[in-house]
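So you can see what is in the structure, the chains are spelled out below.
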Number of protein chains: 2
Amino acid sequence: MGSINDIGMKAKKASRKLALLSTLEKNNILQKAADILEKNAGYIIEQNKIDIKNAEDAGMKTTLIDRLSLNESRIKGMAQGMRDVAKLDDPVGSVDSMWKRPNGLQIGQKRVPLGVIGIIYEARPNVTSDAASLCIKSGNSVILRGGKEAINSNKAVVKMIKEALRESGIDENSVQLVEDTSRESANEMMRLDKYIDVLIPRGGAGLIQAVKKNSTVPVIETGVGNCHIYVDKDADLDMACDIVINAKCSRPSVCNAAESLLIHKDIADKFVPMICSKLRDNNVEIRGCSKVQSLFNDVVPADEEDWGKEYLDYIMSVKVIDSIEEAIDHIDKYSTNHSEAIVTNNYNNAQKFLNEVDSAAVYVNASTRFTDGGEMGFGAEIGISTQKLHARGPMGLKQLTTIKYIVYGDGQIRK
Amino acid sequence: MGSINDIGMKAKKASRKLALLSTLEKNNILQKAADILEKNAGYIIEQNKIDIKNAEDAGMKTTLIDRLSLNESRIKGMAQGMRDVAKLDDPVGSVDSMWKRPNGLQIGQKRVPLGVIGIIYEARPNVTSDAASLCIKSGNSVILRGGKEAINSNKAVVKMIKEALRESGIDENSVQLVEDTSRESANEMMRLDKYIDVLIPRGGAGLIQAVKKNSTVPVIETGVGNCHIYVDKDADLDMACDIVINAKCSRPSVCNAAESLLIHKDIADKFVPMICSKLRDNNVEIRGCSKVQSLFNDVVPADEEDWGKEYLDYIMSVKVIDSIEEAIDHIDKYSTNHSEAIVTNNYNNAQKFLNEVDSAAVYVNASTRFTDGGEMGFGAEIGISTQKLHARGPMGLKQLTTIKYIVYGDGQIRK
């Protein structure tokens, strides 16, 4: 294992060959890697046990230890994930459009891999196989830099993928793991713009901010979601309850879970007690404005900080507002621009909300939980972008590509 | 004029309204601004004279003073540029595609403005009106930070555009000029990720590197072009001469001009003297490898640095190579991945070059000078991206937009 610079150089070199593979060749690598992963489940679980032991010794919370743990069925799941990616359409090589200029030049916009993708992530070992398969399928080399908590598991998984690459006659540096999990190795990656084309941090807000601040490599910000649901005065209140409960409670720890509920004043007297009692039935702590406090018992007073907070927990901030304009302004001020929903049967308000809320995904009468590559129909995702440049929302295979202009001439010169 | 932070806040606020304007409203602003610009040509020229006087006092080169100078006809040109942008198709609001999921959700990908665009540029005052019109048409607020050499001219131009905005009842903070031209004001802009969605530096390599290094705002790198022409063994040599001379000499100071010429060894004996004498007739200094030196008189020996250099001048590096593979490797090593061309009549080599050269624009049998928004058919451009993320090659109106997912439901929740 060489220095980060070496890893970058090798990744860049491997990416040139990888970019030229046929879809069939890439699919074969993924099928083979899935088989090898399953066949070596015993070894991977053994290595994973070292990580679990270290985590227990370090006093890691049981919920986090659960995320870190691998067993036969989870490894089967990882392998199935690789086979699923093999089944997806290959975006590379398609010419999105081609046109002819008056001077006869034919110009086409061809989809090509980005080159080298760096991923800095935290403790979940399944990210290792997911990210590697998406990068291989889209023709990109990948440099994986997982957290130290999962290092032995990650090494075992990458070992299997490298074996599949070797058996397929492909440069094994197409997938590399940074085994040095110190902060310096992450910082070095952030300065490797010579070799890395894009860096995708996956993890908490702290990690993402650090990468954004220090990276000279272009970054795609992912995943921080302070998602809002606005229940309009013309809402179907039963539907609103179903949507709020689903968005808040079906999986509170993920970025597309709702964190904040805005309720129009005209329906507050009826809807606040209705939704608050359901939230409480689901063990959700309610942090409310003064109006909410007056309409329901034992509401924790919300302070300024609550409106901007991504709880990732069984907590929801609730506010009564005067108008749809106030709802949109509130979202504009506090949202991380991930996903927001309006519940309404009013046509104008639905259109206004869709037009004016500036988030990656804006919903009418549906749960924010659908902001997800699989749910939106992309098959898989490498993360959910909350920035506007390059990719916005769930990033599938296409978002791991760029274009180049191919120009066919017959001697044209510029006058 | 407030601080940079104030400017950012105002730009963000203005961008919300600007994003919702109809195409007609945006076109009217541009038409009005063009009229006001022409009507006030006298005032603008007067202000420009202050810049010219200061530049002369500071001993600026005459070629640079020429680029800085405005007269009646150049102002007419700027106004015409604004009217041309008004005629372009508006990308905002189009839904690129819409699909239905098995659960009935209808998901559309809608094109929306980026929000706030920051542009840091050097001495040419026409960039001020060009950039402002492209941003207005694409529904984005813009913060312009031009060089101190053109500050009086830029202030005069922006004054006219603001008048057009005011007369149209649009927030005049949609277009703002940073009047403080110190290095600190540029650095502050680079840290304004709270308000600025993308920063586009336009200027020399030094400026672009500084922005890339210091910016927490996503950056689009533009314009550095060490462009190559490879003359294959199966080339039509007369066509090759025309293309090389056009790419090198028609405008050596621009980024799509060719800087380096690679020649296959099998045609070197004939082609090296042929092209070198034509280059010399055009006052181009030739920096050659030893083979080129042996085939033509008075060639300056090229050193390692020459291969990586963007001369932007009447200088060209020339190298004889053994194969198309060596040409592709050489380009991979030294190119800035802007534009490269092959001249050949060999089908396989043409396809190989198109597939394997990883640049924004790759040409067969045409001059690299066509990498330009106007020439490629985009109508206008705000710069030429040499990075892979978000935009690659000439950036027209569409590249100043992003997408958002709009989702129409009827009560869907995630199982």
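Residues numbered from 1 in each chain as written. Chains lettered and ligands numbered in written order. Predicted model: local features only at pLDDT ≥ 70, side-chain atom pairs only at ≥ 80, totals over all residues. Heavy atoms only, no water.

Attention now moves to the pairing of strand β6 (residues 198–202) of chain B. Residues and elements named next belong to chain B. Across the 5 residues that make up β6, a large majority, 4, are buried. With 5 bridges joining them, strand β3 (residues 116–121) and β6 adopt parallel strand pairing. In the strand pairing of β6, Y121 is matched with R202. (Buried < 20%, exposed > 50% of the residue type's maximum accessible area, 1.4 Å probe, protein only. Helix = DSSP H or I, 4+ residues; strand = E, 2+ residues; numbered from the N terminus. Pairing = 2+ DSSP bridges.)

As a further point, take the sheet that holds strand β7 (residues 227–231) of chain B. In spatial order, the strands read β1(A)-β2(A)-β16(A)-β13(B)-β12(B)-β7(B)-β8(B)-β11(B)-β9(B)-β10(B); together these 10 strands make up an open sheet with mixed pairing. The open sheet is flanked by β1 (95–100) of chain A together with β10 (300–301) of chain B, the only strands paired with a single partner. Examined bridge by bridge, strand β16 (residues 401–412) of chain A and strand β13 (residues 361–366) of chain B share 5 bridges and lie parallel to one another. Each bridged residue has a counterpart across the sheet, and for I406 of chain A the counterpart in β13 of chain B is V362 of chain B. Most of the contacts of helix α10 (residues 237–249) of chain B go to β7 of chain B, to which it runs at about 170 degrees, and overall it touches β16 of chain A together with β7, β8 (258–264), β11 (315–321), β12 (339–343) and β13 of chain B. (Contact = heavy atoms within 4.5 Å. Axes fitted to C-alpha atoms, helices over the stretch in contact; angles between N-to-C directions.)

A separate point is the interface of chain A and chain B. With 71 residues of chain A at the interface, the matching set in chain B holds 70 residues. For the pairing of chain A and chain B, the buried interface totals around 6100 Å² over both sides, and the portion due to carbon and sulfur atoms is 51%. It is L389, Y405 and R414 of chain A in chain A that bury the most area against chain B; as a group they hold 14% of the surface buried on that side. Our count for the chain A to chain B interface comes out at 12 salt bridges. Between R414 of chain B and E375 of chain A there is a salt bridge, with its nearest N and O atoms 3.3 Å apart. At the junction of chain A and chain B, the tally comes to 51 residue pairs in polar contact (both at pLDDT 80 or more). When residues of the side of chain A that touches chain B are assigned to their parent elements, the largest contribution, 11 residues, is made by β16 of chain A. The residue inventory of the side of chain A that touches chain B, partitioned by class, reads 32 nonpolar, 19 polar and 20 charged. (Buried area = accessible area lost by both parts, 1.4 Å probe. Salt bridge = Lys/Arg side-chain N within 4 Å of Asp/Glu carboxyl O. Polar contact = N/O pair within 3.5 Å; in protein donor to acceptor, adjacent residues only side chain to side chain. Nonpolar A, V, L, I, M, F, W, Y, C, P; charged D, E, K, R; others polar.)

Turning next to the relation of the copies chain A and chain B. For the pair chain A and chain B, the superposition axis carries a translation of 0.0 Å, the fit reaches an RMSD of 0.0 Å, and the rotation angle comes to 180 degrees. Look at the turn and shift together and you get a two-fold axis relating the two. Identified as the residue of chain A closest to the rotation axis by C-alpha distance is H390 of chain A, at 1.8 Å. Of the residues that chain A buries at the interface, 99% are likewise interface residues in chain B, meaning the two copies contact each other through the same surface. (Least-squares fit on C-alpha atoms with pLDDT ≥ 70 in both.)

With that settled, the discussion passes to helix α3 (residues 41–57) of chain A. All names here are of chain A. Between its terminal C-alpha atoms α3 stretches 24 Å, which fits the 24 Å expected from 17 residues at 1.5 Å a residue. On its buried face, α3 is in contact with α2 (23–39), α4 (62–68), α5 (72–87) and α7 (151–167). One or two residues past the end of α3 sits G59, with phi positive at roughly 75 degrees. (Expected span 1.5 Å × (residues − 1).)

Turning our attention to the packing of aromatic side chains. Summed over all chains, the structure comprises 8 aromatic pairs over all chains. Considering the side-chain rings of Y230 of chain A and F353 of chain A, the 6.3 Å spacing of their centres and the 25 degrees angle between planes classify their relative orientation as stacked. Here the residue Y230 of chain A occupies a position in strand β7 (residues 227–231), and F353 of chain A occupies one in helix α15 (residues 347–356), the gap between them amounting to 123 residues. Assigned by exposure class, Y230 of chain A and F353 of chain A land together as buried. Seen in terms of ring centroids, W99 of chain B and Y405 of chain B are 6.4 Å apart; in terms of plane orientation they differ by 80 degrees. Their pairing is edge-to-face. With W99 of chain B in strand β1 (residues 95–100) and Y405 of chain B in strand β16 (residues 401–412), this pair connects stretches of sequence that are 306 residues apart. Relative accessible area serves as the criterion here: at 22%, W99 of chain B is assigned to the partly exposed category. When its relative accessible area of 1% is taken as the criterion, Y405 of chain B is described as buried. Of the aromatic side chains, those joined through ring pairs into one cluster are W99 and Y405 of chain A together with F378 of chain B. The ring of W307 of chain A has K319 of chain A sitting right over it, with the charged end atom 5.3 Å from the ring centre. (Phe/Tyr/Trp six-rings, centres within 6.5 Å; stacked < 30°, edge-to-face > 60°. Lys NZ or Arg CZ within 6 Å of the ring centre and 35° of its normal.)

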